[in-house]
Amino acid sequence: MSNLNLIKTVKDIPPEEYLAPGHRLCAGCGAPIVVRLALKAVPGPKIVVSATGCLEVATTIFPYTSWKVPWVHSAFENAAATASGIEAAFRALEKKKGAKKPKIIVFGGDGGTFDIGLQALSGALERGHDLLYICYDNEAYMNTGIQRSSATPKGAATTTSPAGRVIPGKLERKKDLIGIAVAHGVEYAATANPAYPVDLYNKLLKAAAVKGPTVIHYYTPCPTGWRSDPSRGIEIARLAVQTRIWPVYEYDHGTWRINIMVKKPKPVEEYFKLQGRFRHLLQPENKWLLEEIKKDVEENWNRLLKLAGLKT
Amino acid sequence: MARIVGMNGDTAVAYAVKQADVDVIAAYPITPQTIIVEKLSEYVNNGELNAAYVPVESEHSALSACVGASLAGARVFTATASQGLALMYEILYIASSLRTTIVMALGNRAFSAPINIHCSHDDAYAVRDAGWIELFAENVQEAYDLTFQAFRIAEDKNVLFPTIVNLDGFILTHSLEGVNVFEDEEIPKFLPPKEPVNPIDPEKPVSYGPLDLFDYYIEHKKQQAEALKASYPHILKVFEEFREFSGRSYKPLKTLSMEDAEVAVIILGSAAGTVRDVVRKLREKGEKVGVVSLTLYRPFPQEELVKVLKGVKAVAVMDRSYSYGSPGAQLFMDVAATLINVRDKPLLFNVIYGLGGRDLKPEHVVQVFEHAKKVAKEGEVPEKEVWIGVRE
Amino acid sequence: MIEVRWHGRGGQGVVTSSELLARAVLREGKYVQHFPEFGPERRGAPVRAFTRIDDKPIDIHYGIYEPDIVVVIDPVLLSTNVEGILSGLKNGGYLILNTTKVPEGIARIAKEKDLKVYTVDAHKIALEVFNRPLYNTPMLGALVKATGLASLDSVLKALEERFKGEILEKNKIAVKRAYEEVVKYEV
Amino acid sequence: MKYKTWKDLPIGAVIPEPGSSVEYKTGTWRTFKPVIDQDKCIRCLLCWVSCPEPSIRRHEENRVSVDYDFCKGCGICANICPVKAIEMVSEL
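Notes on the structure follow. (Residues numbered from 1 in each chain as written. Chains lettered and ligands numbered in written order. Predicted model: local features only at pLDDT ≥ 70, side-chain atom pairs only at ≥ 80, totals over all residues. Heavy atoms only, no water.)

### Quick look at the overall build of chain C
- A count of helical and extended segments in chain C gives eight helices and seven strands.
- Here the C-alpha radius of gyration of chain C, 15 Å, is about what a compact globule of 187 residues would show, namely 16 Å.
- Once the C-alpha set of chain C is aligned to its principal axes, its extents read approximately 45 × 40 × 35 Å.
- Every one of the 187 residues in chain C was classed for burial, and the buried ones make up 56%.
- Sequence-distant contacts, at least 24 apart, represent 66% of the contacts inside chain C between residues at least 6 apart.
- When the accessible surface of chain C is summed, it comes to about 8,300 Å², and 49% of that surface belongs to carbon and sulfur atoms.
- Averaged over its 27 positive side-chain charges, chain C has a centre that lies 3 Å from the centre of its 25 negative ones. (Helix = DSSP H or I, 4+ residues; strand = E, 2+ residues; numbered from the N terminus. Rg over C-alpha atoms; globule rule 2.2 N^0.38 Å. Buried < 20%, exposed > 50% of the residue type's maximum accessible area, 1.4 Å probe, protein only. Contact = heavy atoms within 4.5 Å. Areas by Shrake-Rupley, 256 points an atom, 1.4 Å probe, with all protein chains shown as cover. Lys, Arg positive; Asp, Glu negative; His and termini not counted. Charge placed at Lys NZ, Arg CZ, Asp CG, Glu CD.)

Written as structure tokens, this is what we have:
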């Protein structure tokens, strides 16, 4: 790790772009930000594999592609498996023909990662393929129109977990993707957030330097699905961190670190009130759910403090 | 000098895959194919085969990994059967549409439920619309030979379609027969290393598998449809080159006594030999019977079939599967559609046999010919669908 | 064409003996098929295996229902499964048994069907050679001696395809002993 | 744009021209456009790094400009600018 050229400011990020504009993602979408940075951060030849999802459909509408690197899409649930095959092929061809093995970067949404693609991801992590898996998590199935996923946070309203009179949105907690990745024995896994681009970029550098599977769990503002102002995506992303709802942390070769320490968290209501998906939580009849969420947030933060060896 | 080795069908396929110097194998074990992947992992782990074996967590991932590996330029192999094939279904179409050159061995086995591990052609037929080339082996030697030819066909620049070698579950996968094998150093004469077309290359960034809407999708599908049709003469060429290489001749259709046959059977897979044996015996009695079996199932050899059926009065199309609610089982529909606009075509009926490994015995075949003779004589088909070997 | 059916119980190497016969016969330039019977049975259950041998290529692929030869590897089956053992066995066919004494029921049917019956004490050979009840290779030795389906030399070479080291040597001894010790039972 | 026939398309539905989406201008999606006050700009590049398109261009000495061919007018740049050097101006 020590020989990594970690950056200090945004200015240190290379200017070259490998994702062309002209893609059809929504105005204010957070997904391309991590794509742009990942393609800059991963050195040398690289190949991108995408799961079906917003990023995939909006960047490659035939006959146009936004990708300036080789890009492969096969299906929804199999990005990690497709990437495994590509990695294995280059491994074999490197041995036989001396062709240099490129780094494989995989992009999956939360649906393609937490839900339908979890089995393939688990397989790829367990087999130890040399690939960087980035989950761009916008916390619901946005490509098909805002349906609940297992990454949808507690309390959020989606079209399949609507804020109803009896059940006010999703009642289940979000899966712990980093925990799942670490349980597979990966050397590096981290959460990241576009409001902290230097941290995000350095994490991509660290992940790319590992020979083997790594996972980046990236917070992805989605103005369409969250019913929020497109211009406030980064602001909302920062609030997610500052309220401790979305902690920014990493698991790095056995060590846990909270990268953005939040000493005095802002009230979660500040985060919720900017997004239509959470607005019902501020109604008096749903106070019980709001309280439950606050408890969850505190519990999760304390869990991370403990992992990082810090006092709760 | 010919070297004969006793091998079962699975072992023969694995041996051929090893000799084909495959680069990537991604597969998930499933009876009756498992021996293939066990053998291949053994070859890899013993250093006898320089390939990456990807021990995937499901068949869906097996074929997905194969798609990735094939696009990356590797020679790729997988094997599956029945439920495993069903789990791959989504990716079957993707593999063909992306024009990968995957070779798959399919140890034909019945679909559940109830669960059964023995031979039906359900899985082979499930691929029929997916844009794969499908070959059928009738014995272990053919399973071995067709594996080499499958790689040549799939990777042929004029073809570029994934290719399946079907071999009947247990009847071939687990039966040992003598196989005339090649020496390793001979193989490149027939099967040189893969020269990938348009592989993934960071120097030449291409996007594979984009979103394609109503403005282009149908053009891409028409292109794929025409390409599979156009592969036909190139498949014949591979068969011919294999004959020159090995002395063993393969054709899309294998026929016996069709020149003057009045009634005939059309069939796929290991039971073809049993039918041939019966035909030989009935011919000794002076009966004008014949049999056609298909080595090439997709693309379907329509013109040849029309030719060999010329003058035949009644044909029993034998399916080792069933198509529920359909006007006929799968091979029957293929044959019926092939003949639909032909003048003076034979009368057709569909025989369902052998499901889930039920043995097709010579007496069953005799019954089928009796039925066919009756149809020919009376000039009508009283029963379009006949189940044979089933307790009534 | 000669068709052989093997009877034993799971774990006794029934399938292996059929396969070894096929390999031995292949060495002599003949055509063969060997196939086990597959079911959900596990160790201990009755198991059958089949070998088909011919001077010309074998085109057929279906089960063996009227064997020319039946080999019973497991002596227990002689009392528990007489019907199964004799099912379809052709008149004048061979019956190779792992026993010192042919049970009366079998002897009677053997006489009716004019069978050629051979016995060998594979149990004793197995215990002496392997110290375990492994009957399959001795029964193969007995079979080839009784029927002349393959030479002893071809069988020994087939063993080399399948086994190595000490196990190979023990199997060779077992085959040779059974080859010597098999006796014709006068029906 | 002239549509290709099935005979003219590359096989396998691949797109062989990297970054060809620049032929598709998303600038028409906008209602408001960001206008940068170059005098106020402190060259921090936060707008550049946070632009989803990317349609903020980065020049020498970290000057930035907007590529209006592609800017969809989301306003992230204006919102994130620490010195309020970017104003969203109506296109109408």
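### Describing the pattern of salt bridges
All names here are of chain A.
- Following the criterion strictly, the structure yields 69 salt bridges over all chains and no others.
- The partner of Glu299 in a salt bridge is Arg173, with the nearest N and O atoms 3.3 Å apart. A residue pair is termed long-range when its members are at least 10 positions apart, and Glu299 in helix H11 (residues 287–307) and Arg173 in the loop between strand E4 (131–137) and helix H6 (177–183) qualify at 126 residues.
- Overall, Glu299 belongs to the partly exposed group, its relative accessible area being 41%.
- Residue classification places Arg173 among the partly exposed positions, given a relative accessible area of 43%.
- Ionic pairing is found between Arg232 and Glu235, a salt bridge with its closest N-O pair at 3.0 Å.
- Classification of Arg232 by relative accessible area gives partly exposed; the value is 29%. (Salt bridge = Lys/Arg side-chain N within 4 Å of Asp/Glu carboxyl O.)

### Quick notes on the arrangement of the chains
- Counting contacts across all four pairs of chains that touch, the top-ranked interface belongs to chains A and D.
- A gap remains between chain A and chain C, which never touch, and the nearest two C-alpha atoms on either side lie 30 Å apart.
- At no point do chain C and chain D touch; the closest pair of C-alpha atoms across them sits 40 Å apart.

### Topic: helix H7 (residues 197–209) of chain A
All names here are of chain A.
- Between its first and last C-alpha, H7 extends 18 Å over 13 residues, near the 18 Å set by a 1.5 Å rise per residue.
- Counting buried positions along H7 gives 12 out of 13 residues, so the element sits mostly inside the fold.
- Turning to H7, its buried residues number three or more, namely Pro197, Val198, Asp199, Leu200, Tyr201, Asn202, Lys203, Leu204, Leu205, Lys206, Ala207 and Ala208. (Expected span 1.5 Å × (residues − 1).)

### Digging into the interface of chain A and chain D
- Between chain A and chain D, the contact holds 36 residues from the first and 35 residues from the second.
- Buried surface at the junction of chain A and chain D, both sides included, amounts to about 3,000 Å², of which 64% is carbon and sulfur.
- One can count 19 residue pairs in polar contact (both at pLDDT 80 or more) joining chain A with chain D.
- Of all elements in the fold, only helix H1 (31–41) and helix H9 (233–242) of chain A reach the threshold of two or more residues within the side of chain A that touches chain D.
- Tallied by class, residues from the side of chain A that touches chain D come to 21 nonpolar, seven polar and eight charged. (Buried area = accessible area lost by both parts, 1.4 Å probe. Polar contact = N/O pair within 3.5 Å; in protein donor to acceptor, adjacent residues only side chain to side chain. Nonpolar A, V, L, I, M, F, W, Y, C, P; charged D, E, K, R; others polar.)

### Some words on the packing of helix H3 (residues 59–71) of chain B against helix H4 (residues 82–97) of chain B
Residues and elements named next belong to chain B.
- Two numbers describe how H3 lies on H4: the axes approach to 7 Å, and their chain directions differ by 25 degrees. As far as their axial angle goes, H4 and H3 are roughly parallel. For the pair H3 and H4, the sense of crossing is right-handed. Where H3 approaches H4, its residues Glu59, His60, Ala62, Leu63, Ser64 and Val67 are matched on the opposing element by Gly84, Leu87, Met88, Glu90, Ile91, Leu92 and Ala95.
- For the contact of H3 with H4, the residue count by class is eight nonpolar, three polar and two charged. (Axes fitted to C-alpha atoms, helices over the stretch in contact; angles between N-to-C directions. Parallel < 35°, antiparallel > 145°, perpendicular 65-115°, else oblique. Left-handed = near helix turned anticlockwise from the far one by under 90°.)

### Observations regarding unusual backbone geometry
- Here the amide bond leading from B:Ser112 into B:Ala113 is cis, since omega sits at -5 degrees, within 30 degrees of zero.
- Among the secondary structure elements, B:Ala113 is positioned in the loop between strand E5 (103–108) and helix H5 (122–126).
- We note that C:Asp114 has phi near 55 degrees; this positive angle belongs to a residue other than glycine.
- If you trace the backbone, C:Asp114 turns up in the loop between helix H4 (104–112) and strand E6 (116–120).
- Taking the relative accessible area as the measure of exposure, C:Asp114 reaches 57% and is therefore exposed.

### A look at the sheet that holds strand E4 (residues 69–72) of chain C
- Spatial ordering of the open sheet is given by E1(B)-E8(B)-E2(C)-E3(C)-E1(C)-E4(C)-E5(C)-E6(C)-E7(C), a layout of nine strands whose pairing is mixed. Each having just a single partner strand, strand E1 (3–8) of chain B together with strand E7 (183–185) of chain C make up the two edges of the open sheet. Put simply, the sheet's adjacent strands are angled 25 degrees from each other on average, direction ignored.
- As judged from the three bridges shared by E6(C) and E7(C), these two strands associate in the antiparallel manner. Residue pairing for E7(C): C:Tyr118 is matched across the bridge by C:Lys184.
- Most of the contacts of helix H6 (residues 140–155) of chain B go to strand E8 (residues 176–181) of chain B, to which it runs at about 40 degrees, and overall it touches E1 and E8 of chain B. (Pairing = 2+ DSSP bridges.)

### Digging into the packing of helix H1 (residues 14–27) of chain C against helix H7 (residues 152–162) of chain C
Residues and elements named next belong to chain C.
- Between H1 and H7, the shortest axis-to-axis distance is 8 Å and the interhelical angle comes to 120 degrees. Between H1 and H7, the crossing angle belongs to the class labelled oblique. Crossing handedness for the pair H1 and H7: right-handed. From H1, Thr16, Glu19, Leu20, Arg23, Ala24 and Arg27 reach across to H7, where they touch Ser154, Val155, Lys157, Ala158, Leu159, Glu161 and Arg162.

### Overview of the sheet that holds strand E10 (residues 253–256) of chain B
Residues and elements named next belong to chain B.
- Read from one edge of the open sheet, six strands run E10-E12-E11-E14-E15-E16, paired in mixed fashion. Of all the strands in the sheet, the pair left with one neighbour each is E10 and strand E16 (385–387). Adjacent strand axes in the sheet meet at a mean angle of 20 degrees when their direction is disregarded.
- On the sheet, helix H13 (residues 362–378) packs against strand E11 (263–267), strand E12 (289–294), strand E14 (314–319), strand E15 (347–352) and E16 and is oriented at approximately 130 degrees with respect to E11.

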